[in-house]
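Below, each chain spelled out in residue letters.
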Number of protein chains: 2
Amino acid sequence: MIKLSKMTDYAVVILADMAERQNAEKIEQTSATVIAQSTKLPEPTVSKVLKLLARQNIINSTRGAAGGYSLNKAPDQINMAHVITATDGPIALTACVDESTECCDRAQNCSIKGQWNPLNRAMISALENVSLSEMMRGTR
Amino acid sequence: MIKLSKMTDYAVVILADMAERQNAEKIEQTSATVIAQSTKLPEPTVSKVLKLLARQNIINSTRGAAGGYSLNKAPDQINMAHVITATDGPIALTACVDESTECCDRAQNCSIKGQWNPLNRAMISALENVSLSEMMRGTR
DNA sequence: CCAATTCGTACTCTTTTGGTACTATATAAG
DNA sequence: CTTATATAGTACCAAAAGAGTACGAATTGG
């Protein structure tokens, strides 16, 4: 079944938690420990996800004592394509797309070589059109 | 990385092969053996994929001697959402979606419960808008 | 009846994913 | 300057999913 990884699932929960906190408490930096307690997720996993998000500049990280993480954009400026790319890597619906050197070992027989791109573009744009704030609608 | 399974990849290649053959030779039934030779794919795998496609009524199967498979619809009536469902199972972007009983073991803490559905609908409709004949454009 | 062909199930091997642990690095406070 | 508190990076292991194969059952035409 086509499905997102749990990492992406966690990422959305974590981002939603951060967005709520920043909106409610005007706190700039939040540590991984606090987020883990708030979301009830295991801390090492939370830490891993936060690291991935920081690497893509979706969130900001500050080292040292009193450090932590903070959102880099408003929730409605964060789209799902970006989040998924951070946690799962590039969005490509088949192995043929990202390997420019050769389609596959049967390239000479592959009658649809390179024809996956329209499908990929359709999917990516569908994901880009969903923002974090839309995912948070209906939150208590 | 989000990606389709090889089964889906094979399915499209096989369907394209069948479509070309039916269009060129006016042959109704084609055996798994012939398709395997034509696509250069291993026969057991081809057989497996054909079975999956037949189960979803994308293609027709006829048993017995002189039996085989044939397309059930015109290539432009076969969309990718249907094919992917046949080979990979239901399209759902998170484990939360298909389990109606409970979201996950942290449901009480999950602030975005049920909010994946808009994303799923966007993806499915993107996949429905790509037909097999569109995938075959540019074929030699 | 016999040959050809699909159907269904089960099994094994490989790859990916999820989760954890450990060490290094950076920063603020005393 | 030292220490406490954070993040950063890497590596590792167990569990799950995926890919491929094999074998027997069922069906149909000659």
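Residues numbered from 1 in each chain as written. Chains lettered and ligands numbered in written order. Predicted model: local features only at pLDDT ≥ 70, side-chain atom pairs only at ≥ 80, totals over all residues. Heavy atoms only, no water.

## A word on the overall build of chain A
- A tally of regular secondary structure across chain A gives seven helices and two strands.
- Moving toward the C terminus, one meets the helices and strands of chain A in the order α-α-α-β-β-α-α-α-α.
- Going through the 140 residues of chain A one by one, you find that 46% of them count as buried.
- If you take every contact in chain A between residues at least 6 apart in sequence, the share linking residues at least 24 apart comes to 63%.
- Accessible area of chain A: about 7100 Å², with a carbon and sulfur share of 47%. (Helix = DSSP H or I, 4+ residues; strand = E, 2+ residues; numbered from the N terminus. Buried < 20%, exposed > 50% of the residue type's maximum accessible area, 1.4 Å probe, protein only. Contact = heavy atoms within 4.5 Å. Areas by Shrake-Rupley, 256 points an atom, 1.4 Å probe, with all protein chains shown as cover.)

## Examining the side chain of S131 of chain A
- Looking at where S131 of chain A falls in the secondary structure, it is placed in the loop between α6 (117–128) and α7 (132–135).
- Residues contacting S131 of chain A, with those up to four places away along its chain left out, are P75, D76, I78 and N79 of chain A.

## As for the protein's contact with DNA strand C
- Surveying the vicinity of DNA strand C reveals 21 residues, the closest of which are K6 of chain A together with A32, S61, R63 and Y69 of chain B.
- For DNA strand C, the backbone portion of the atoms within 4 Å of the protein, that is sugar and phosphate, comes to 71%.
- The side chain of S61 of chain B places a nitrogen or oxygen atom 2.4 Å from a phosphate oxygen of DNA strand C.
- Contact distances for DNA strand C include 3.4 Å between a sugar or linking oxygen and a backbone N or O atom of G64 of chain B. (Near = heavy atom within 4 Å. Polar contact = N/O pair within 3.5 Å; in protein donor to acceptor, adjacent residues only side chain to side chain.)

## Some remarks on the protein's contact with DNA strand D
- Taken together, 22 residues lie around DNA strand D, and A32, S61, R63 and Y69 of chain A together with K6 of chain B are the ones closest in.
- Between DNA strand D and K6 of chain B there is a distance of 2.7 Å, counted from a phosphate oxygen to a backbone nitrogen or oxygen.
- At 2.9 Å from a base nitrogen of DNA strand D is found a side-chain nitrogen or oxygen belonging to K48 of chain B.
- Elements that contribute at least two residues to the surface near DNA strand D include exactly α3 (43–55), β1 (59–62) and β2 (68–71) of chain A together with α1 (6–25) and α3 (43–55) of chain B.
- The element contributing the most residues to the surface near DNA strand D is α1 of chain B, with three residues.

## Considering the side chain of T8 of chain A
- Relative to the helices and strands, T8 of chain A is located in helix α1 (residues 6–25).
- The exposure class assigned to T8 of chain A is buried, which follows from its relative accessible area of 0%.

## A word on the packing of helix α2 (residues 32–39) of chain B against α3 of chain B
All names here are of chain B.
- Relative orientation of the contacting elements α2 and α3 amounts to 120°, with a least axis distance of 9 Å. Here α2 is positioned oblique relative to α3, judged by the angle of their axes. The handedness of the crossing between α2 and α3 is right-handed. Each of A32, T33, I35, A36 and T39 in α2 lies in contact with α3, whose residues at this interface are E43, V46, S47 and L50.
- Each residue belonging to the contact of α2 with α3 can be placed in one class, and the counts come to five nonpolar, three polar and one charged. (Axes fitted to C-alpha atoms, helices over the stretch in contact; angles between N-to-C directions. Parallel < 35°, antiparallel > 145°, perpendicular 65-115°, else oblique. Left-handed = near helix turned anticlockwise from the far one by under 90°. Nonpolar A, V, L, I, M, F, W, Y, C, P; charged D, E, K, R; others polar.)

## Overview of the confidence of the model for chain A
All names here are of chain A.
- Per-residue pLDDT for chain A averages 84, and the proportion of residues at 70 or more is 82%.
- Least confident of the elements in chain A is helix α5 (residues 95–98), whose mean pLDDT is 50; most confident is α3, at 97.
- The low-confidence segment residues 97–108, where pLDDT is below 50, has 13 contacts with residues more than four positions distant or belonging to other chains. (pLDDT = per-residue confidence, 0-100.)

## Description of unusual backbone geometry
Residue and element names in this part refer to chain A.
- The backbone phi angle of K40 is positive, close to 65°, even though this residue is not glycine.
- Along the polypeptide, K40 turns up in the loop between α2 (32–39) and α3.
- In the Ramachandran plot, A66 falls in the positive-phi region, its phi being about 65° despite a non-glycine side chain.
- Position of A66 relative to the elements: it lies in the loop between β1 and β2.
- Residue classification places A66 among the exposed positions, given a relative accessible area of 77%.

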